[in-house]
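Okay, here's what each chain looks like letter by letter:
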Amino acid sequence: VYRSRRKYEYVGKFFFLPPKHQKLSSVLSRVGLQGKGMGIWGISAKRSCIGLCNIRVSGQSFRGRAFSDSKSVTSDDSVLPVLIIGAGPVGLVLSILLTKLGVKCAILEKNKVFSKHPQAHFINNRSMEVFRKLDGLGDEILRSQPPVEFWRKFIYCTSLTGPILGAVDHIQPQDFDRIVSPISVAHFSQYKLSRLLLKHLEKLDFCMINYEKCEHGSIGERKIFMGHECIAINDAEHGVSVTASFLTEGKYIKRDIQCHFLVGTDGAGSTVRKSLGINMRGEKDLQNLVSVHFQSQELGNYLIKERPGMLFFIFNKRCYWCSCCP
């Protein structure tokens, strides 16, 4: 939401900043365009922005926060320019882009460690276009991914080794011809992508702070604070005050962090989104799924040789389930 001639306009999932923050606005827009489910939520730094406004688009109401008309942002070193909630791909990419543009930032991540289990695995063109600009990250992903023949199909079968009911090729020629986009789509599991992004952040002098060794006091730039959960967001004199909780020596400790801008990249159950009073739209609980992660070198070799595919949908009298090869 942005202020223009005293009117507010809803523009999807993004909060566009006034011209004085063009660098940050550009970065937020670029990261927010990475694909379905990868939008970002942001609130500005000034007290006057906290007043909520109702926005009506196509007959539906939305709640957004207006940005301040203040001429400047305080340069107080105790206030972090940008605090990012969530160290998923969006949060990590945003921190890289901000740092390259000279904007100081830090990240809070509620999980104590990064997951080693397969998660999202398909990267679309727009995301790859962003990665292409990050010191060759896009090309590194393309070199590291499996050959396209191993993941272009969805397989429908009665079991992983049983009869095949059908197969659908989900890759189109335009996905790789590089006419519409200068880079192709990719198949690269999120936990592998996070590792690459962390390596790029290390080159920018970022470091991870273990939740058990976290020190009290102000949070500095270029740090990823693991085991820190955002539990409250409040207005503050010079910006936004974020209360985070972390475990140390067997006790949960709270700390208040001051920042000019807060960006929530913490997923569908976003604490930032809920604190801003932004509700999820549409139907809820479309599916209830159980995820089981297992490894089998023998099965993997068989599938690659006999029936390569990205996803296997299995139908039989006992169950219906989906298997993904990371």
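Residues numbered from 1 in each chain as written. Predicted model: local features only at pLDDT ≥ 70, side-chain atom pairs only at ≥ 80, totals over all residues. Heavy atoms only, no water.

Draft legend 1. How the structure looks around the pattern of salt bridges. Using the criterion set out here, one finds six salt bridges in the structure. Between Arg 152 and Glu 149 there is a salt bridge; the shortest N-O distance is 3.3 Å. Residue class for Arg 152 comes out buried when judged on its relative accessible area of 18%. (Salt bridge = Lys/Arg side-chain N within 4 Å of Asp/Glu carboxyl O. Buried < 20%, exposed > 50% of the residue type's maximum accessible area, 1.4 Å probe, protein only.)

Draft legend 2. Spatial organisation of helix α5 (residues 190-203). Across its 14 residues, α5 extends 20 Å between first and last C-alpha, which sits within 8% of the 20 Å expected from 1.5 Å per residue. Residues of α5 that are buried: Tyr 191, Leu 193, Ser 194, Leu 196, Leu 197, Leu 198, His 200 and Leu 201. Buried-residue contacts for α5 involve α2 (89-100), β8 (122-123), α3 (125-132), α4 (137-144) and β13 (223-226). Positioned one or two residues after α5, Asp 205 has a phi angle of 70°, which is positive. (Helix = DSSP H or I, 4+ residues; strand = E, 2+ residues; numbered from the N terminus. Expected span 1.5 Å × (residues − 1). Contact = heavy atoms within 4.5 Å.)

Draft legend 3. Quick peek at the confidence of the model for the protein chain. Residues of the protein chain with pLDDT of at least 70 account for 73%, and the chain-wide mean is 76. Below pLDDT 50 for its whole length, residues 1-22 participates in 59 contacts with residues either more than four positions away or in separate chains. Scored below 50 in pLDDT, residues 32-74 makes 127 contacts in the model with residues more than four places away or belonging to other chains. (pLDDT = per-residue confidence, 0-100.)

Draft legend 4. Molecular detail of the packing of α3 against α4. Orientation of α3 relative to α4, taken along the N-to-C sense of each, is 120°, at an axis distance of 6 Å. In terms of orientation, α3 lies oblique with respect to α4. Along its contact with α3, which presents Met 128, Phe 131 and Arg 132, the element α4 presents Leu 137, Gly 138, Ile 141 and Leu 142. The residue makeup of the contact of α3 with α4, split by class, is five nonpolar, one polar and one charged. (Axes fitted to C-alpha atoms, helices over the stretch in contact; angles between N-to-C directions. Parallel < 35°, antiparallel > 145°, perpendicular 65-115°, else oblique. Nonpolar A, V, L, I, M, F, W, Y, C, P; charged D, E, K, R; others polar.)

Draft legend 5. Layout of the nonpolar core. Of all hydrophobic cores here, the largest spans 34 residues; its most connected members are Val 82, Leu 92, Ile 123, Met 128, Phe 131, Ile 141 and Ile 224. With six residues, α2 is the single largest residue contributor to this core. If we skip the residues at most four places from it in the chain, Ile 224 touches Ala 87, Leu 92, Ile 107, Leu 198, Leu 201, Phe 206, Cys 207, Met 208 and Ile 209. Ranked by size, the runner-up nonpolar core spans 19 residues in total, among them Leu 80, Leu 108, Val 240 and Val 272. (Core = buried A, V, L, I, M, F, W, Y, C linked by side-chain atoms within 4.5 Å.)

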